[in-house]
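# Residue-level structural notes
The primary structure of each chain is shown beneath.
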Amino acid sequence: MFEQAVLPVQDQKTFAEIESALQEAFAPAHAAKFLRRLEKARLRARQFEAILAHGFLGAKTPSLYGSLGDSDRGQVRELYLGLVEHVAPELRTKYLKVYAYY
């Protein structure tokens, strides 16, 4: 059975700030607004770097993400993609274009 390796986070403070921004964007009270913004910008939910570049995850998050090492960036992307997959099914249905693979 596959078991994902646990890598320690190198920059705990910066990682925690980015994690907080991600959790905020996907909080049940804010997820619909976040997905609506992605839809208007014609971005897909899994285009993490493009979403980050547009500032949809906070104004300072792109610079924080850029300051992380490769392993920490990978963990941020994994966290983001996990949050994308845990959005409520009714929101995923409503914003199907954001979730579709065209």
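Our subject is the structure listed above.
As a starting point, this report considers the structure included with it. (Residues numbered from 1 in each chain as written. Predicted model: local features only at pLDDT ≥ 70, side-chain atom pairs only at ≥ 80, totals over all residues. Heavy atoms only, no water.)

Turning our eyes to something else, we now look at helix α2 (residues 31–40). When we look at burial in α2, the residues that qualify are Ala31, Phe34, Leu35 and Leu38. One face of α2 carries all of its buried residues, which in axial projection span an arc of 95°. More than 90 degrees from the buried face of α2, the exposed residues found are Lys33 and Lys40. In this structure, the buried side of α2 is in contact with α1 (12–25), α3 (48–53), α5 (70–85), α6 (89–94) and α7 (96–99). After α2 finishes, the residue Arg42 shows a positive phi value of roughly 60°. (Buried < 20%, exposed > 50% of the residue type's maximum accessible area, 1.4 Å probe, protein only. Helix = DSSP H or I, 4+ residues; strand = E, 2+ residues; numbered from the N terminus. Arc of directions from axis to C-beta. Contact = heavy atoms within 4.5 Å.)

Attention shifts here to the pattern of salt bridges. Applying the stated criterion across every chain yields a total of five salt bridges. When the shortest N-O distance is used, the salt bridge between Arg77 and Glu49 registers 3.8 Å. You can see Arg77 sitting in helix α5 and its partner Glu49 sitting in helix α3, a full 28 residues away along the chain. With relative accessibility at 31%, the residue Arg77 sits in the partly exposed group. Put simply, Arg92 and Glu85 hold a salt bridge, and the shortest N to O gap is 3.2 Å. (Salt bridge = Lys/Arg side-chain N within 4 Å of Asp/Glu carboxyl O.)

Helix length check: α5, at 16 residues, gives a terminal C-alpha distance of 23 Å against a target of 22 Å (1.5 Å per residue), a fit within 8%. Those residues of α5 not exposed but buried are Asp72, Gly74, Val76, Tyr80, Leu83 and Val84. (Expected span 1.5 Å × (residues − 1).)

So, about the environment of Ile51. Within the secondary structure layout, Ile51 lies in helix α3. Using a relative accessible area of 0% as the deciding quantity, one classes Ile51 as buried. Residues Ile51 and Phe15, 36 residues apart in the sequence, show an inter-C-alpha distance of 17 Å. Apart from residues lying up to four places away in sequence, Ile51 is in contact with Phe34, Leu38, Leu43, Arg44, Ala45, Phe56, Leu57 and Tyr80.

Relative orientation of the contacting elements α1 and α5 amounts to 15°, with a least axis distance of 10 Å. Classed by the angle they form, the pair α1 and α5 counts as roughly parallel. For the element pair α1 and α5, the recorded crossing hand is right-handed. Where α1 approaches α5, its residues Phe15, Ile18, Glu19, Leu22 and Gln23 are matched on the opposing element by Asp72, Gln75, Val76, Leu79, Tyr80 and Leu83. (Axes fitted to C-alpha atoms, helices over the stretch in contact; angles between N-to-C directions. Parallel < 35°, antiparallel > 145°, perpendicular 65-115°, else oblique. Left-handed = near helix turned anticlockwise from the far one by under 90°.)

Purely geometric numbers; function is a separate question.
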